[in-house]
Amino acid sequence: SGGEPITRLEARELLRQYDKNGDGKLDYEEFIDFVLGDIKRSRKSIEDSRRLDSKRDRDRDRDRDRDRDSDRDSRDESPKPIPRGRGKKASTSVGGSSAAATASSEVQIGSGRTPRAQAVKPPADLKKWTQRRVTGFYLLDSENNSQRQVLSSHYTLSLSSSTNVYITMQPMPQDKLQTMQSECDIGFALFRDGKPVAVCESPAGNKSASAAIGLKADLGPGDYELLPYCVGDKLHMEATSSKAKSATRNKKITAAGKAALEDIFKLCDTNQDGVLDRAELQVYNYITSNEELTDELWNALRNMVKLSNDALDLEGFIDLSVQELEEDNWSEENFWINLKSFGVNQDLLMTGAFAYELEVNCSECRNFELIAGNPMRFPVSVLSKGLASYTKEKGSSAQLGDCTLHWLETPLRVYIAGEKDSASQAMPTRLLLDARASHGVADVDETKQIFVKRSCGLLLQLVPNVPGFTFSATVKPD
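Thresholds, definitions, all that
Residues numbered from 1 in each chain as written. Predicted model: local features only at pLDDT ≥ 70, side-chain atom pairs only at ≥ 80, totals over all residues. Heavy atoms only, no water. UniProt positions renumbered as here; feature names shortened; annotations may be inferred. Helix = DSSP H or I, 4+ residues; strand = E, 2+ residues; numbered from the N terminus. Buried < 20%, exposed > 50% of the residue type's maximum accessible area, 1.4 Å probe, protein only. Contact = heavy atoms within 4.5 Å. Areas by Shrake-Rupley, 256 points an atom, 1.4 Å probe, with all protein chains shown as cover. Pairing = 2+ DSSP bridges. Axes fitted to C-alpha atoms, helices over the stretch in contact; angles between N-to-C directions. Core = buried A, V, L, I, M, F, W, Y, C linked by side-chain atoms within 4.5 Å. Domains from an automatic or database assignment. Parallel < 35°, antiparallel > 145°, perpendicular 65-115°, else oblique. Left-handed = near helix turned anticlockwise from the far one by under 90°. Nonpolar A, V, L, I, M, F, W, Y, C, P; charged D, E, K, R; others polar. Patch = residues over 30% accessible without salt bridge, like charges linked within 9 Å, V, L, I, M, F, W, Y side chains within 5 Å. Salt bridge = Lys/Arg side-chain N within 4 Å of Asp/Glu carboxyl O. Lys, Arg positive; Asp, Glu negative; His and termini not counted. Charge placed at Lys NZ, Arg CZ, Asp CG, Glu CD. Expected span 1.5 Å × (residues − 1).

The name an unreviewed UniProt entry assigns to the chain is Calmodulin, from the organism Macrostomum lignano. In UniProt, the chain has this text filed under Subcellular location (unreviewed entry): "Membrane".

**Some words on the overall build of the chain**
Counting its regular elements, the chain contains eight helices and 21 strands. Out of the 478 residues in the chain, the part that is buried amounts to 40%. Relative to all contacts within the chain whose residues are 6 or more apart in sequence, the contacts with residues 24 or more apart total 73%. Approximately 27,900 Å² of the chain is accessible, and the part contributed by carbon and sulfur atoms is 48%.

**Let's talk about the sheet that holds strand 17 (residues 414–420)**
Spatial strand order, 15-16-17-20: four strands in an open sheet with antiparallel pairing. Two strands lie at the open edges of the sheet, namely strand 15 (396–400) and strand 20 (457–462), each paired on one side alone. The mean angle between the axes of side-by-side strands here comes to 20°, regardless of whether they run parallel or antiparallel. Two strands pair when backbone bridges link them, and strand 15 and strand 16 (residues 403–409) are joined in this way by five bridges, in the antiparallel orientation.

**Regarding the nonpolar core**
Grouped together as the largest cluster of nonpolar side chains are 39 residues, with contacts concentrated most on I264, L267, F317 and L339. Put simply, the parts of the chain that give this core at least two residues each are strand 2 (130–140), helix 3 (255–268), helix 4 (278–289), helix 5 (295–304), helix 6 (314–327), helix 7 (333–341) and strand 12 (353–362). Examining the composition of this core, we find that six residues originate from one element, helix 3, more than from any other. Here this core spans two domains, since at least three of its residues come from each of domain 2 (126–238 + 354–378) and domain 3 (248–350). Setting aside residues up to four positions removed in sequence, L267 forms contacts with T135, F137, M180, F342, M350, A353 and A355. Of all hydrophobic cores here, the second largest spans 32 residues; its members include F188, C200, V360 and C362.

**Some remarks on the packing of helix 3 against helix 7**
The geometry of helix 3 relative to helix 7 is characterised by a closest axis approach of 10 Å and an angle of 45° between their N-to-C directions. Here helix 3 lies oblique to helix 7, going by the angle between them. You can see that helix 3 and helix 7 cross each other, and the crossing is left-handed. Counting all contacts with helix 3, which are made through A260, L261 and I264, the residues of helix 7 involved are F335, N338 and L339. Across the contact of helix 3 with helix 7, the residue classes tally to five nonpolar, one polar and no charged.

**Regarding a negative patch on the surface**
Together, D313, E315, D319, E326 and E327 line one region of the surface with negative charge. For the negative patch, the leading source of residues is helix 6, giving four residues. Structurally, E315 is set in helix 6.

**What about the UniProt feature "domain: EF-hand" (unreviewed entry) in the chain?**
Mapped onto the present numbering, the UniProt feature "domain: EF-hand" (unreviewed entry) falls on residues 6–41 and 256–291. As annotated, residues 256–291 comprises 69% helix and 6% strand, and the C-alpha atoms at either end are separated by 27 Å.

**Some words on helix 3**
The terminal C-alpha atoms of helix 3, which comprises 14 residues, lie 20 Å apart, in line with the 20 Å expected from a rise of 1.5 Å per residue. What helix 3 keeps buried is the set G257, A259, A260, L261, D263, I264, F265, L267 and C268.

Next up, the structure:
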């Protein structure tokens with residue numbers, strides 16, 4: 001279908017069309033016929049698109065020639081002398097949209113100045129606002145060995161009325177977690193209907209464990225997706241010891257093992273009330289087994305450990321691990337799977353996870369909800385599209401032929417997005433970006449190829465390696 005979603009009705013029609021023997025499924029030969037047919041349809045679509053582009057170009061040339069002839073006839077009928085020395089030369093300034101760029105054209109992007117972080121001060125009457133506070137975490141996905149991915153908490157913010165909001169995010173104080181040894185530059189994005197409302201990031205090179213980032217916004221009623229993300233994280237699973245430490249001894253969990261379990265308990269206790277309710281236990285179950293906490297599993301859990309008001313305290317949480325170890329005859333294999341799922345390395349230190357505190361304050365909306373969802377693998381495509389739109393809206397722009405480039409310089413990253421004119425050819429335009437004039441920006445030693453499509457997309461994210469970086473680049477056709 002060319003990457004486009006199809007309905008069930010369309011899928012059944014495709015099956016009926018290629019199911020030659022009528023058995024309700026595609027065998028090998030029928031599948032090959034379908035694939036070859038799809039290739040033929042794709043080729044025909046490309047040929048049709050090329051013919052349409054060619055026709056459009058011919059029509060545009062014909063209209064331009066007609067307009068030029070009409071202008072010449074008009075001038076011949078009523079000639080007007082032009083005073084010497086007062087004629088205007090056609091503009092050739094870079095970034096102008098009046099003239100198409102030639103093959104040798106290029107544009108300069110980047111301010112060449114160090115972006116400054118603007119501190120957001122809390123509202124003077126913040127104590128009168130309604131507050132919701134949760135905790136969350138970034139987590140190195142230990143199941144994905146082929147590509148480094150991060151699991152991230154995410155939230156739905158439901159507002160019943162228009163209101164001013166003040167959102168803060170800060171690393172969880174290290175004295176609350178015994179084993180956590182990790183660093184992250186934190187940030188979050190606020191989306192509505194898949195479109196970015198705001199992006200907030202911590203300054204580059206920020207080493208203060210208590211440093212918070214803040215965002216002020218005026219929001220209308222409705223549901224918003226609040227997506228925390230990490231930039232330049234230092235999450236890893238490396239350990240100093242070559243062999244995993246023993247988490248148990250003499251059929252008991254060691255003090256170091258209990259400390260790791262306690263930190264896992266605190267990560268899952270998103271409302272920090274000292275117990276894990278079903279929703280929070282769902283987070284634990286999802287991360288360790290990638291399964292939903294069904295009614296059947298929930299009832300089995302209630303029979304295994306003592307719950308108070310359908311919630312599990314720390315003692316019961318550790319007892320749950322003891323019972324699982326007893327079922328495994330005190331083999332630590334499954335126990336370590338659970339520990340590593342939460343970023344605990346062989347030294348029983350939590351280096352693959354990073355915890356934060358998130359606070360949402362509303363001035364007018366007294367009855368709003370901040371709901372945590374299952375941790376999700378870092379939604380690169382969603383965030384990429386959102387950041388592209390945000391870069392277009394908040395950043396600077398320049399025109400290069402049929403391409404428009406957008407860039408946004410923040411204290412933490414440089415975002416570069418681009419899009420082609422809607423009337424341009426469907427094939428992506430290949431450009432060369434040379435950012436060697438930048439200072440303190442990583443991975444810009446060589447020119448980079450970027451491909452601009454019709455839809456606005458994020459082309460590059462450049463990360464500074466020093467706090468006082470500057471960005472300056474030249475872009476030209478390849």
